[in-house]
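A look at the structure
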Amino acid sequence: MTTDTIEAPRITNLEIGADGVGVLTIDAPGEKVNTLSAALSAEMQEVIERLETSTDVKALVLLSGKSDGFIAGADVKMLARVRTAEDGERISREGSALLCRLENLPMPTVVAIHGACLGGGLEVALACRYRLASNDPSTQLALPEVQLGLLPGAGGTQRLPRLVGMQAALDMILTGKRVRADRARKMGLVHEVVPREVLRERACQVARALARATQDLGHIPIQPASEKRPAVSVGQLVLQATMPGRAMMYRQVKKSLQKKVGSHYPAPYLALEAVYYSRGHAFQEGLDIESRFFGQLAVSEVARNLMRLFFATTAMKGEGWKDREGHVVPPLPVEKVGVLGGGLMGGGIATLLADKGVRVRVKDRDMESASKAAGYAAKYFGDKVKKRHIRPYQKDMAMGLLSVTDQYTGFGTSNLLIEAVFEDLSLKQRVLRDVEAVTGPDTIFASNTSSLPIAQIAQASSRPQNVVGMHFFSPVEKMPLLEVIVTDKTADPVVATALAIGKKMGKQVIVVRDGPGFYTTRALAAMMNETIKVFVEGASVEAIDRAMRDFGFPVGPMALIDEVGFDVASKVIHVILDAFGNRMQTPDEAFLLFGSGRLGRKNKQGFYLYEDAKKKKEVDPTVYDQMPYGRDRREIPAKLISDRLSYAFMNEAAMILEDGILLSPRDGDIGAIFGLGFPPFLGGPFRYMDTVGIPQVVARLRELKEQCSRSFEPAGILVKMAEEGRTFYNGR
Ligand code: NAI
């Protein structure tokens, strides 16, 4: 190919070959990923202008210069700076107009997608005539804007339903879910999937053939994707093809949104409107609606909070552990991990480690218990094979990394031990002593305790500098948070290693200082304690759960106690009461409940009935029998319930920050959202307190103290901040 480089802009580079195929490479210098920044848009504009009048470029191939990504979406920083709805609408209109020009170029356009093709990246691809994708697992297509409280603003809500049908488009746009290359081809989103190695070559071949306007494209006939409809049922076709059918689908989807996301997130509703509008209206009208909605959403508090969350989690991914002087401490190498206790948590931790390619050995009391961990892993990897996320040989390889035992043999070479035996201090200390006797002096001991202070466990250690907490959440493979707990004696490289392993396992990691219940368990315990009080005061199980779901938690606290188990909840409450009993009292009736033999879902005796898994969850009325008011529950206003529970949580979170356990409000927000389900649209407890106003939070706490109990005494830090007019984020 003779190359005539006509311009060498910063991000894009257009090379025109002797065959007339222009290859436009997008490669943002110095950036890990390409984003649709203002700078890229400006360059695209220039290139498109050049191509609109070009006579030498017969066909265009668009691809990314990054080795592992196409375009990861719009530049979120730019969107976060939007101040008015008009400004947001303008950005969307400009993006749409640019892509319309790309779509209407006089020459055929072929896009070659390898790696993440997200948001605006997919919208660019949708404006091209032919879409090729590499068959690499990293090639994933999605419109994840709703996850940031937005909707696709550059034609995505209009082009996608026209291409793949309303149902498939809604499925992608309302969930933001990622679609792999093969699936994308089946649904008509891309025309062809090829090995990564030949992606560019094939794109140029297709471009040449399109330029010649022939059908001679090798083994794949060219066909507009819209004609290549996915296999859908007749019923679905009728629904999508007719006005009444589409209206019915719209109503169904709206109903399911109301059930799933409630009223807290406006974006999916507006996205649904925009997609529905795409049928029966001119394309440009649809784009106008989309831009208007985009502007509205871009300035909503929900989108602001979700974008802040995005920035926080992105920043945390790149952060290492720093010593007192502020120097980043490198983690120690971890080649082999020993897990003590192969139950629910130990099994999950071992499985996830094997999934990430780490060798792991699990020890339990006897082989029967130990083999449960292998069973956990077999099910996990088996499900992945069934879903075609991995091949059977990959399952075998991962399973080959995991071994189980009832002895300490084979532990001597472990760099890291993670303990997940029963929640019992003396047992944990015994296990620690036993395992220290068979491992080297540098082996790290991490406890997965959910409430016991790490320093107490470390009292049994001959090398307390190696002892740290790694608090995972259940189910380990699904819950995104890891809370790393550091004592006064934990050495910096040990913290750095726990943090690095957590990230390797795909977790969002927060590091906190040691104390009873650390951060997450202590804040949750404060809320649970208030939950039990409200229950004992006569509120019904449903009323409590409904109030908190309406507040924005994914599950209500009563249902959560059923899941966690009454036994575990009771142990945690005892640990917390031992530490903070002077200000947190639990009514005696709570202990009646905890001692009644009810364990929650695990013995099918909880606040709810579990006998018939198919039936809608119903409250077990016998749970009221030993309680004041019996089955005649009292009406307690939902707002009072949600205020009592959420303010108990937030006040405790503030005290935890004040005590120096949390290192920053940001960590507190991330921990609450990813570990405990605190509503993301509120931005986390600290962000929410800023939004409400610290003086208002203090005033409400004082009212609740007056009305309910002295446990609502506002945290000292809140009172001080209110007096000084400060906020947690200082306007950031
Ligand atoms: P589990 O009861 O499912 O598993 C505990 C395992 O430890 C059992 O397999 C038991 O046989 C084993 N074990 C007991 N003594 C042992 C010994 N001397 N040596 C080796 N293994 C021994 O309990 P789960 O739920 O896995 O909890 C384990 C730890 O994780 C506890 O400290 C708990 O507080 C903590 N945790 C639990 C969470 C949950 O949601 N279940 C969440 C976060 C932490």
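A quick note: this is a predicted structure, and the numbers were derived from the prediction, not measured.

1. Remarks on the overall build of the protein
Each helix and strand counted, the protein has 29 helices and 19 strands in total. In terms of C-alpha radius of gyration, the protein reaches 28 Å, essentially the compact-globule figure of 27 Å for 732 residues. Counting only C-alpha atoms and orienting by the principal axes, one finds that the protein spans roughly 85 × 60 × 55 Å. Residue burial in the protein is summarised as follows: out of 732 residues, 56% are buried. Considering only intrachain contacts with a sequence separation of at least 6, the fraction spanning at least 24 residues in the protein is 73%. About 31,500 Å² of surface is accessible on the protein, with carbon and sulfur atoms providing 53% of the total. Looking at the protein, you have 93 positive and 85 negative side-chain charges, and the mean spots of the two groups are 4 Å apart.

2. Topic: the layout of surface pockets
For the second largest pocket, the calculated volume is near 440 Å³. Lining the second largest pocket are Arg180, Tyr376, Lys379, Tyr380, Asp383, Lys384, Lys387, His389, Ile390, Glu477 and Lys478. Considering every element that reaches the lining of the second largest pocket, the biggest residue donor is helix H15 (residues 367–386), with 5 residues. By residue class, the composition of the lining of the second largest pocket is 3 nonpolar, 1 polar and 7 charged.

3. Overview of the packing of helix H22 (residues 557–564) against helix H23 (residues 566–580)
Relative to each other, H22 and H23 sit at 105 degrees, their axes nearing to 6 Å. With respect to H23, the element H22 is oriented roughly perpendicular. Seen from H22, the contacting residues are Ile561, Asp562 and Val564; seen from H23, they are Phe566, Val568 and Ala569. Of the residues assigned to the contact of H22 with H23, the class counts are 5 nonpolar, no polar and 1 charged.

4. Description of the confidence of the model for the protein
Confidence in the prediction for the protein averages 92 pLDDT; 95% of positions are at 70 or higher. Below a pLDDT of 50 lies the segment residues 214–229, which in the model reaches 30 contacts outside its immediate sequence neighbourhood of four places, other chains included.

5. Focus: the site of the ligand
What surrounds the ligand is a group of 22 residues, the closest being Met345, Asp364, Glu423, Lys428 and Ser450. Glu423 places a polar side-chain atom, nitrogen or oxygen, 2.5 Å from an oxygen atom of the ligand. Ser450 places a side-chain nitrogen or oxygen 2.7 Å from an oxygen atom of the ligand. Coverage of the ligand by the protein amounts to 84% of the 830 Å² it exposes when considered alone. Elements represented by at least two residues in the shell around the ligand include exactly helix H14 (344–355), helix H17 (425–436) and strand S17 (467–472). Broken down by element, the shell around the ligand gets its largest block of residues, 4 residues, from H17. Per-class residue counts for the shell around the ligand are 8 nonpolar, 8 polar and 6 charged.

6. Some details on the sheet that holds strand S10 (residues 179–180)
Taken in spatial order, the 4 strands of this open sheet run S5-S7-S9-S10, and their pairing is mixed. Since the sheet does not close on itself, it has two edges, and those belong to strand S5 (69–71) and S10, each with one partner. Here strand S9 (residues 140–142) pairs with S10 via 2 bridges, running antiparallel. Each residue of the ladder has a partner; that of Gln140, found in S10, is Arg180.

Calculation criteria
Residues numbered from 1 in each chain as written. Predicted model: local features only at pLDDT ≥ 70, side-chain atom pairs only at ≥ 80, totals over all residues. Heavy atoms only, no water. Helix = DSSP H or I, 4+ residues; strand = E, 2+ residues; numbered from the N terminus. Rg over C-alpha atoms; globule rule 2.2 N^0.38 Å. Buried < 20%, exposed > 50% of the residue type's maximum accessible area, 1.4 Å probe, protein only. Contact = heavy atoms within 4.5 Å. Areas by Shrake-Rupley, 256 points an atom, 1.4 Å probe, with all protein chains shown as cover. Lys, Arg positive; Asp, Glu negative; His and termini not counted. Charge placed at Lys NZ, Arg CZ, Asp CG, Glu CD. 1 Å grid on protein atoms, 1.4 Å probe; cavity = no way out; pocket = protein on both sides within 12 Å on 5 of 7 lines; lining within 4 Å. Points joined across faces, edges and corners; volume = space filled by probe spheres on them. Nonpolar A, V, L, I, M, F, W, Y, C, P; charged D, E, K, R; others polar. Axes fitted to C-alpha atoms, helices over the stretch in contact; angles between N-to-C directions. Parallel < 35°, antiparallel > 145°, perpendicular 65-115°, else oblique. pLDDT = per-residue confidence, 0-100. Near = heavy atom within 4 Å. Polar contact = N/O pair within 3.5 Å; in protein donor to acceptor, adjacent residues only side chain to side chain. Pairing = 2+ DSSP bridges.

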